[in-house]
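Tertiary structure, described
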Amino acid sequence: SYELDFWGKNRAGFNAALSRQDAAAADTHAAQNLLASAVVRSYLNLQNAFAQHQVLEKVLEQRSEVLKLTRGRFDAGLDTQVEVKQAESALAAAQVELTQIETTTAQLRNQLAALSGAGPQRGHEIKPAQLTAPAGLVPDSIPLELLARRPDVLAARLRAQASQREIDAAKAAFY
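Described in the following lines is the structure provided in the data block. (Residues numbered from 1 in each chain as written. Predicted model: local features only at pLDDT ≥ 70, side-chain atom pairs only at ≥ 80, totals over all residues. Heavy atoms only, no water.)

**Remarks on helix α5 (residues 151-174)**
Over its 24 residues, α5 extends 34 Å from the first C-alpha to the last, a length consistent with the 34 Å expected when each residue adds 1.5 Å. Every buried residue belonging to α5 is among Pro151, Ala155, Leu158, Ala162, Ala169 and Ala172, and all of these are buried. Among the structural elements, α1 (9-75) are those in contact with the buried residues of α5. (Helix = DSSP H or I, 4+ residues; strand = E, 2+ residues; numbered from the N terminus. Expected span 1.5 Å × (residues − 1). Buried < 20%, exposed > 50% of the residue type's maximum accessible area, 1.4 Å probe, protein only. Contact = heavy atoms within 4.5 Å.)

See the structure below:
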């Protein structure tokens, strides 16, 4: 049987379905962008943790030297037990911070391995890297048209078009 589409009901329904399909494809791209940004963010956090670990190792060495000097001064009668206890507590605090950053590093390694779809051993293969941003990497201004290309914004626009076409189909069905 044939149905004449005088008022455009079928055409509007077809166009609404196409817009919903395009919106689903845009949602897929948005999910891919979200995953990629999560991987990059996790990697940069891991590199930051590596850098913090290096700094804390140096701090730990310095505080142990200060403790050794303070004990020597105490033995020579130049310092009191208070200074020795302060140096010991500063060393203990640095050791706690180092343990915390090691735990954070292990968590970030596992997070990165999970985000990349690999096993935990993949995260342990990641080594510290020297990250430097080249000059002029980020432009001073970004055109507004670039925002319209974001998959989540595109999906929302396509859903709004689909809703408008469904309204057109409902109006045509009424007539």
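**A closer look at the pattern of salt bridges**
Inspection of every chain in the model, using the stated rule, returns six salt bridges. A salt bridge links glutamate 166 to arginine 20, with the shortest nitrogen-to-oxygen separation between them at 2.2 Å. Separated by 146 residues along the polypeptide, glutamate 166 in helix α5 and arginine 20 in helix α1 bring together distant segments of the chain. Given a relative accessible area of 38%, glutamate 166 falls into the partly exposed group. Note that lysine 68 and glutamate 65 form a salt bridge whose closest N and O atoms lie 3.6 Å from each other. Of this pair, lysine 68 and glutamate 65 both sit in helix α1, three residues apart, which is roughly one turn of the helix. (Salt bridge = Lys/Arg side-chain N within 4 Å of Asp/Glu carboxyl O.)

**With respect to the packing of α1 against α5**
For any two helices packed against each other, the geometry is given by the interaxial angle and the distance between the axes. For the pair α1 and α5, interaxial distance at closest approach is 8 Å and the crossing angle is 165°. Between α1 and α5, the angle is such that the two are roughly antiparallel. Viewed along their axes, α1 and α5 form a crossing whose handedness is left-handed. Grouping the amino acids of the contact of α1 with α5 by side-chain chemistry returns 13 nonpolar, six polar and nine charged. (Axes fitted to C-alpha atoms, helices over the stretch in contact; angles between N-to-C directions. Parallel < 35°, antiparallel > 145°, perpendicular 65-115°, else oblique. Left-handed = near helix turned anticlockwise from the far one by under 90°. Nonpolar A, V, L, I, M, F, W, Y, C, P; charged D, E, K, R; others polar.)

**Comments concerning helix α2 (residues 81-115)**
Residues three or four positions apart in an α-helix share a direction because the helix packs 3.6 residues into each turn. Taking 1.5 Å of rise per residue, the 35 residues of α2 would be expected to cover 51 Å, and the 51 Å separating its terminal C-alpha atoms lies within 8% of that figure. Contact partners of the buried residues in α2: α1 and α3 (120-124). Just downstream of α2, glycine 117 is the residue with a positive phi angle, here 80°.

**Points about the side chain of glutamine 47**
Tracing the chain through its elements places glutamine 47 in helix α1. Polar side-chain contacts of glutamine 47 include one of 3.3 Å to the backbone oxygen of lysine 127. Polar contacts involving the side chain of glutamine 47 include one to the main-chain amide nitrogen of alanine 129, which spans 2.7 Å. (Polar contact = N/O pair within 3.5 Å; in protein donor to acceptor, adjacent residues only side chain to side chain.)

**Some words on the environment of glutamine 47**
Among the residues examined, glutamine 47 registers a relative accessible area of 6% and is labelled buried. Counting along the chain gives 77 residues from glutamine 47 to histidine 124, while the straight-line C-alpha distance between them is 13 Å.

**Considering the packing of α1 against α2**
Running from N to C, α1 and α2 cross one another at 160°; their axes reach a closest spacing of 8 Å. Taken together, the axes of α1 and α2 lie roughly antiparallel to each other. As for the relative orientation of α1 and α2, their crossing is left-handed in sense. When the residues that make up the contact of α1 with α2 are grouped by side-chain class, the tally is 24 nonpolar, 10 polar and eight charged.

Take it as geometry only, folks, not as evidence of what the structure does.
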